[in-house]
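So you can see what is in the structure, the chains are spelled out below.
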Amino acid sequence: MDAKDILGLSKTSHPASQEKKSRTVKESQRKPDGISREVYALIGGVPPLMPAVEPLQLKKRPPTDEKITWQWLPFTSSARKDNLQLFHWVRVVNGVPPMGDYSFAKYNKSVDVVKYTDEEYEKHLTDDMWTKEETDQLFELCQQFDLRFIVIADRFPSSRTVEELKERYYKVSRSILIARAAASPGDVSEHPIVKEPYKFTQERDRKRALSMVLSQTKHQERKDSEVLAEAKRIAESRMAARNAKESELPITFNVERAIVPGETLSPSSNSEFPSAMVAPSTSMAENTSTLASLRMLRVYLRTYALDQMIQAASSSAGLRTIKRVEQSLQELGVNLKPRVPTKSVCAQHLELRKEILTLLNLQKQLQYKEAEGSSYRDSPYETPGTPKDRTFVPESTSFGGERVGKRDQKRKAPGRAEAPSSPAQPKRPRKLRASDM
Amino acid sequence: MNNSSSSTMHGPDQPEISGPAPAPKSLRTKMGKPEDSEKKIFHKKLKDVEISVPIVYGNIAFWLGKKANEYQSHKWTVYVRGATNEDLGVVIKRAVFQLHSSFNNPTRVVESPPFELSECGWGEFEIAITLFFHSDVCDKPLNLFHHLKLYPADESGPMSTKKPVVVESYDEIVFPEPSEAFLARVQNQPAVVVPRLPAGVALPPPVPVEDPSNRKRGDTKDHPLCQWFTNFSEADELLRLATARQQVQTHIAKFRREITLIEGQHQQVNSVSDQ
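Throughout, residues of each chain are indexed from 1 in the direction in which the sequence is written. Working convention: letters from A go to chains and numbers from 1 go to ligands, in the order in which they are written. Under the rules for a predicted model, residues below a pLDDT of 70 receive no local features and side-chain atom pairs below 80 are neither given nor counted, while totals for whole chains, interfaces and linings still include all residues. As a convention, hydrogens and water are excluded, and side-chain values are obtained from all of the structure's heavy atoms.

Trainee: Even after reading the chapter, I still don't get the overall build of chain B, so can you show me in this structure?
Mentor: Only DSSP runs of H or I with at least four residues qualify as helices, and only runs of E with at least two residues qualify as strands; both kinds are numbered from the N terminus onward. Secondary structure summary: chain B contains four helices and eight strands in total. Reading the helices (α) and strands (β) of chain B from amino to carboxyl end gives α-α-β-β-β-β-β-β-β-β-α-α. Taken over 275 residues, chain B has a buried fraction of 44%. A total accessible area of about 14,800 Å² is found for chain B, and carbon and sulfur atoms account for 54% of it. Each residue is assigned to one of three classes by its accessible area relative to the maximum for its type, calculated with a 1.4 Å probe on protein chains only: buried under 20%, partly exposed between the two thresholds, exposed over 50%. Note on areas: these come from Shrake-Rupley sampling with a 1.4 Å probe, and a residue is covered only by the protein chains present in the view.

Trainee: I tried to follow the overall build of chain A on my own but got confused; where do I start?
Mentor: For chain A, the count of helices and strands is 18 helices and three strands. Sorting the 437 residues of chain A into buried and exposed places 30% on the buried side. Considering only residue pairs separated by 6 or more positions, chain A has 57% of its internal contacts joining residues 24 or more positions apart. Of the accessible surface of chain A, which amounts to about 30,600 Å², a share of 56% is contributed by carbon and sulfur atoms. Contact between two residues is taken to exist if any of their heavy atoms lie within 4.5 Å; hydrogens are not considered.

Trainee: Looking at this model, I keep getting lost on the pairing of strand β3 (residues 92-98) of chain B. Mind explaining?
Mentor: Remember that side chains alternate between the two faces of the sheet whenever the strand is regular. All names here are of chain B. Each pair of strands is called paired provided DSSP finds at least two bridges between the two strands. Taken together, the six bridges between β3 and strand β6 (residues 126-133) define a ladder with antiparallel strand orientation. Across the sheet, the residue bridging to Gln98 is Ala128, located in β6. Inspection of the sheet shows β3 paired to strand β4 (residues 107-110) by four bridges, in the antiparallel sense. Counted as the bridge partner of Gln98 is Thr107 from β4.

Trainee: Explanation requested: the environment of Pro195 of chain B in the structure shown.
Mentor: Residues and elements named next belong to chain B. The residue Pro195 is located in the loop between α3 (180-186) and α4 (234-274) in this model. For Pro195, a relative accessible area of 6% translates into the label buried. Between the C-alpha atom of Pro195 and that of Val49, which follows or precedes it by 146 residues, the distance is 6.9 Å.

Trainee: I would appreciate a short explanation of the nonpolar core in the present structure.
Mentor: Grouped burial of nonpolar side chains is what soluble globular proteins tend to show. In this description, a nonpolar core means a group of buried Ala, Val, Leu, Ile, Met, Phe, Trp, Tyr and Cys residues linked to one another through side-chain atoms lying within 4.5 Å. Ranked by size, the top nonpolar core spans 40 residues in total, and within it Trp76, Val91, Phe133, Ile173 and Phe175 of chain B carry the most contacts. Secondary-structure elements contributing two or more residues to this core are β1 (51-63), β2 (74-82), β3, β5 (115-121), β6, β7 (142-147), β8 (165-175) and α3 of chain B. Sort the elements by how many residues they give to this core and β1 of chain B lands first, with five residues. Setting aside its immediate chain neighbours within four residues, Phe175 of chain B contacts Arg298 and Val299 of chain A together with Val49, Glu50, Ile51, Val53, Val91, Phe133, Val137, Cys138 and Phe182 of chain B.

Trainee: Any chance you could explain the sheet that holds strand β3 (residues 300-301) of chain A here in plain terms?
Mentor: Sheet strands associate in pairs through backbone hydrogen bonding, adopting either a parallel or an antiparallel arrangement. Read from one edge of the open sheet, five strands run β3(A)-β8(B)-β1(B)-β2(B)-β5(B), paired in antiparallel fashion. Single-partner strands in this sheet number two, and they are β3 of chain A together with β5 of chain B. With two bridges joining them, β3 of chain A and β8 of chain B adopt antiparallel strand pairing. Considered in β8 of chain B, the bridge of Tyr300 of chain A is made with Val174 of chain B.

Trainee: Could you clarify how one ought to interpret the confidence of the model for chain B in this entry?
Mentor: Note: predicted coordinates in regions of low pLDDT should not be interpreted at a detailed level. Residue-level confidence of the predictor, termed pLDDT, takes values from 0 up to 100. Looking at chain B, pLDDT values average 77 and 73% of them are 70 or higher. Confidence estimates for the predicted assembly give a pTM of 0.48 and an ipTM of 0.76.

Trainee: Mind showing me how you'd approach the packing of helix α8 (residues 162-183) of chain A against helix α10 (residues 200-214) of chain A here?
Mentor: A pair of packed helices is captured by two measures, namely the crossing angle of their axes and the spacing between those axes. All names here are of chain A. Only the contacting stretch of a helix is used when fitting its axis, a line to C-alpha atoms as for every element, and angles between N-to-C directions run 0 to 180 degrees. Where α8 contacts α10, the two axes come as close as 10 Å, and the packing angle between them is 155 degrees. By the angle class used here, α8 and α10 are roughly antiparallel. Handedness of the crossing formed by α8 with α10: right-handed. Across the interface between the two elements, Val162, Glu163, Glu164, Lys166 and Glu167 from α8 touch Phe200, Glu203, Arg204 and Lys207 from α10. Side-chain classes are defined by residue name, with Ala, Val, Leu, Ile, Met, Phe, Trp, Tyr, Cys and Pro counting as nonpolar, Asp, Glu, Lys and Arg as charged, and the others, Gly among them, as polar. Residues of the contact of α8 with α10, tallied by class, amount to two nonpolar, no polar and seven charged. An angle below 35 degrees is read as roughly parallel, one above 145 as roughly antiparallel, one from 65 to 115 as roughly perpendicular, and any other as oblique. By convention the crossing between two helices is left-handed if the near helix lies anticlockwise of the far one by an angle smaller than a right angle, and right-handed if it lies clockwise.

So, in structure tokens, the structure goes:
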């Protein structure tokens with residue numbers, strides 16, 4: 001409505017009747033009694049669905065036909081031994097006071113502290129550390145204070161630690177119980193004191209440890225948690241390693257099979273296996289460890305074996321070197337994966353790969369040497385020789401074999417006095433190209 | 001295999017020399033103990049001998065031509081056969097082919113040679129082949145994987161119902177430590193390559209095999225599809241490898257010469273500059 005006024009729009013027809021309607025509607029909305037308009041609007045502006053509890057109902061009193069009076073009456077408690085009579089208010093219903101014991105008497109629990117006679121003491125309970133008087137005192141205090149040893153220790157005439165008192169008490173109780181059980185029929189072994197004897201040293205250490213933990217500084221706490229986390233991690237990694245080892249090692253110790261081969265197998269395999277896990281440094285070690293792991297398998301495919309050997313042989317080489325080896329293989333016209341992987345073919349293939357690796361290493365070495373050579377000479381290095389000499393003309397068949405003659409001529413002999421034409425080394429060693437030969 | 005020189009390799013006959021240190025042979029092959037029970041001998045394993053079984057596995061697929069419909073356009077056979085078409089049943093007990101899950105009963109078990117499976121379909125997928133061996137051979141199965149190929153590599157050519165698409169792979173199953181029983185049994189079997197036994201090793205005579213004519217033929221020499229089988233020969237690869245190695249060795253020698261030359265030069269320069 002206001003918006004329309006602002007906009008200057010004409011009001012719709014029957015504005016009068018509308019206003020009346022709105023007014024009546026508003027009237028009905030202003031209806032609530034008891035709560036203000038705003039609050040009424042807050043709860044939805046409509047009467048609540050549930051009838052509210054009438055405040056009048058809240059303080060209803062029970063419709064009693066009984067007559068209740070309160071009387072000041074004396075009482076006794078079974079918990080007391082002295083028959084002291086005290087007074088208190090009692091709710092009397094129809095003139096009848098309540099029966100029964102004092103309602104709090106049932107809470108008067110106490111511990112059954114063992115009571116020994118002097119004979120029993122002589123027979124079972126003598127101890128070097130404890131005199132009879134002390135023991136008697138101890139037991140009296142135990143009885144008095146319901147085995148609250150902290151209090152007992154405090155009250156004890158001579159200074160004894162809580163653990164010592166406890167030990168003495170429990171030892172005595174145990175001995176008495178056992179002795180009495182031996183005398184009269186009865187099984188005491190289920191009694192808690194007999195079943196679980198008190199351990200003095202254990203308790204002492206436990207309490208000491210507890211107090212240490214309690215008094216730890218925050219710094220110490222942090223350190224401890226770090227160490228624990230580290231230990232957990234190490235344990236888990238060890239478990240994982242052990243599991244991996246176990247899953248790789250097939251169970252050769254089959255009971256049905258003869259034990260003898262198994263025995264001769266296990267020492268050699270156990271010694272070789274750890275080497276298989278750790279990266280071996282020499283190629284010989286790699287070879288033998290791969291062989292050992294293959295032998296563990298009991299059956300495998302030749303291609304799988306070849307892959308393993310190749311991996312072992314190139315474990316020291318980077319990814320780029322491996323790619324260069326593969327490229328060289330392709331240039332030489334050899335399949336990366338032999339098409340007919342017989343034993344000899346695989347062996348030759350492996351040897352070829354190793355030789356290519358050697359070749360690449362030598363080439364790198366040569367380049368370094370040549371670079372050194374140029375640094376020895378003080379003359380400024382010449383521009384690299386015409387790259388045309390070394391450009392690569394890809395030929396799938398010949399590995400530069402037929403061009404050997406030509407290349408030798410064009411290539412600068414290494415013995416010449418001028419700096420060889422490769423001092424400006426590109427950061428990456430050049431790929432092995434057919435025309436390099 | 002220990003030494004990297006190639007002179008030790010003579011072909012599949014060479015028994016594999018194993019282990020890092022040459023352990024005394026008496027420890028390895030506990031032979032000739034007459035007091036041992038026969039059973040025990042048969043379960044012993046020989047360590048210097050490896051048995052290999054050359055196999056070829058793959059598929060042959062025929063286009064069905066007119067009879068093809070949307071869901072069955074090709075009839076294909078996936079198989080594992082001996083490389084020389086000999087009977088693999090002496091070694092393999094059964095083969096399990098795991099097909100694509102859209103096939104009915106995708107796990108197909110073949111209990112006797114020839115180990116093959118034929119089906120009709122339209123799709124290419126990877127088939128997992130699990131080979132189970134006889135109990136005296138090996139108690140662990142071996143897995144192979146073959147990608148089923150139905151459509152020819154070059155899509156230009158028309159598909160013919162007469163000429164199938166053939167994809168085969170050669171491989172060898174190697175048993176590095178065969179039991180003596182196994183060795184004895186397959187000594188004279190053509191499907192298995194048994195190396196020359198090292199000196200001093202004597203095998204008990206092979207257990208007499210049942211009359212071969214009674215059993216169903218398990219070899220694939222006269223297989224209906226044998227005309228499409230590829231003949232895998234190692235000669236060509238060996239030749240190429242030998243040539244390649246020769247070349248690489250020459251270059252290695254050359255590099256080595258050059259390096260020593262340069263080192264000689266450096267030394268000269270050094271001695272000159274010291275003065």
